[in-house]
Amino acid sequence: MSSRFAPSLIDRHAENIVMRVKAQLMMAGIDLEGAGRDYDEAMKKEVHAEAEEAARASVLLRAIAEREGVQVDAGDVQKRLVELANSRGENVNKLRTELESSGRIEGLRAQLLEEKALDWLLAQAKIVDEDPESLIITPDQAGGQRLVLTPEEVAAEARAKGGEPPGK
């Protein structure tokens, strides 16, 4: 199955996964000093499917953030920089300068946005104690009624019944 995502987006996610794996291996005492570019490319191919899923999740979370007005402000970035600097034993201003000069501060901002969108989604979730199989409705059980409605259709339906649209 071919991806609908730009290869560069998937590559960027694959590179992030490879960097994370290499950091974990190095922390475990595995020497990757002589591994070289071929090793990185082989690892990128190995994690391609995972990178594609990460790209898909990223696009979805960013769309949700935009739709719901979830934003990252300077305070969010500063708080994360302090956390990172403390965990690394570095000066926060030095870390900020390093991330800004390498262009990685935008990656940090994007990561924060995705985390905040996920937090928003979790806050909206309604946990039910049901058998998952009992929640599945087949088209026959729906009796010709549409099972999936757009937010606009839900709001119009609520207004037609004299109620408030959800989320108002």
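Heads up: the structure comes first, above all this text.
Residues numbered from 1 in each chain as written. Predicted model: local features only at pLDDT ≥ 70, side-chain atom pairs only at ≥ 80, totals over all residues. Heavy atoms only, no water.

### Regarding the layout of surface pockets
Working step 1: By volume, the largest pocket is sized at about 1100 Å³.
Working step 2: Contributing to the lining of the largest pocket are 24 residues, with Asn16, Met19, Arg20, Gly107 and Gln111 lying nearest its centre.
Working step 3: Residue assignment for the lining of the largest pocket shows that the elements contributing at least two residues are α1 (7-27), α3 (48-68), α4 (74-88) and α6 (105-124).
Working step 4: For the lining of the largest pocket, the per-class residue count stands at 11 nonpolar, 6 polar and 7 charged. (1 Å grid on protein atoms, 1.4 Å probe; cavity = no way out; pocket = protein on both sides within 12 Å on 5 of 7 lines; lining within 4 Å. Points joined across faces, edges and corners; volume = space filled by probe spheres on them. Helix = DSSP H or I, 4+ residues; strand = E, 2+ residues; numbered from the N terminus. Nonpolar A, V, L, I, M, F, W, Y, C, P; charged D, E, K, R; others polar.)

### So, the nonpolar core
Working step 1: With 10 residues, the main nonpolar core is built from Phe5, Leu9, Ile10, Ala14, Ile17, Val18, Met43, Val47, Ala51 and Ala55.
Working step 2: Elements supplying a minimum of two residues to this core: α1 and α3.
Working step 3: The greatest single-element share of this core, amounting to 5 residues, is contributed by α1.
Working step 4: If we ignore the near neighbours within four places in the chain, the residues touching Ala14 are Lys44, Val47 and Ala51.
Working step 5: Membership of the second largest hydrophobic core comes to 9 residues, among which are Val72, Leu81, Ala85 and Leu108. (Core = buried A, V, L, I, M, F, W, Y, C linked by side-chain atoms within 4.5 Å. Buried < 20%, exposed > 50% of the residue type's maximum accessible area, 1.4 Å probe, protein only. Contact = heavy atoms within 4.5 Å.)

### Some words on the environment of Ile137
Working step 1: By secondary structure assignment, the location of Ile137 is in the loop between α6 and α7 (139-142).
Working step 2: For Ile137, a relative accessible area of 48% gives the class partly exposed.
Working step 3: C-alpha of Ile137 to C-alpha of Ala125: the two residues are 12 residues apart in sequence and 20 Å apart in space.

### Describing the side chain of His13
Working step 1: One can find His13 in helix α1.
Working step 2: Beyond its immediate chain neighbours, meaning those up to four positions away, His13 contacts Ala51, Ala54, Ala55 and Ser58.

### Thoughts on the packing of α4 against helix α5 (residues 92-102)
Working step 1: It is the contact of α4 with α5, at a shortest axis distance of 9 Å, that shows an interaxial angle of 110°. Between α4 and α5, the angle falls in the class roughly perpendicular. As for the relative orientation of α4 and α5, their crossing is right-handed in sense. Here Val77, Gln78, Leu81, Val82, Leu84, Ala85 and Arg88 of α4 come into contact with α5, specifically with Val92, Leu95, Arg96 and Leu99. (Axes fitted to C-alpha atoms, helices over the stretch in contact; angles between N-to-C directions. Parallel < 35°, antiparallel > 145°, perpendicular 65-115°, else oblique. Left-handed = near helix turned anticlockwise from the far one by under 90°.)

### Topic: the side chain of Arg80
Working step 1: The topology assignment puts Arg80 in helix α4.
Working step 2: The exposure class assigned to Arg80 is buried, which follows from its relative accessible area of 17%.
Working step 3: Only 3.1 Å separates the side chain of Arg80 from the side chain of Glu83, close enough to count as a polar contact. (Polar contact = N/O pair within 3.5 Å; in protein donor to acceptor, adjacent residues only side chain to side chain.)

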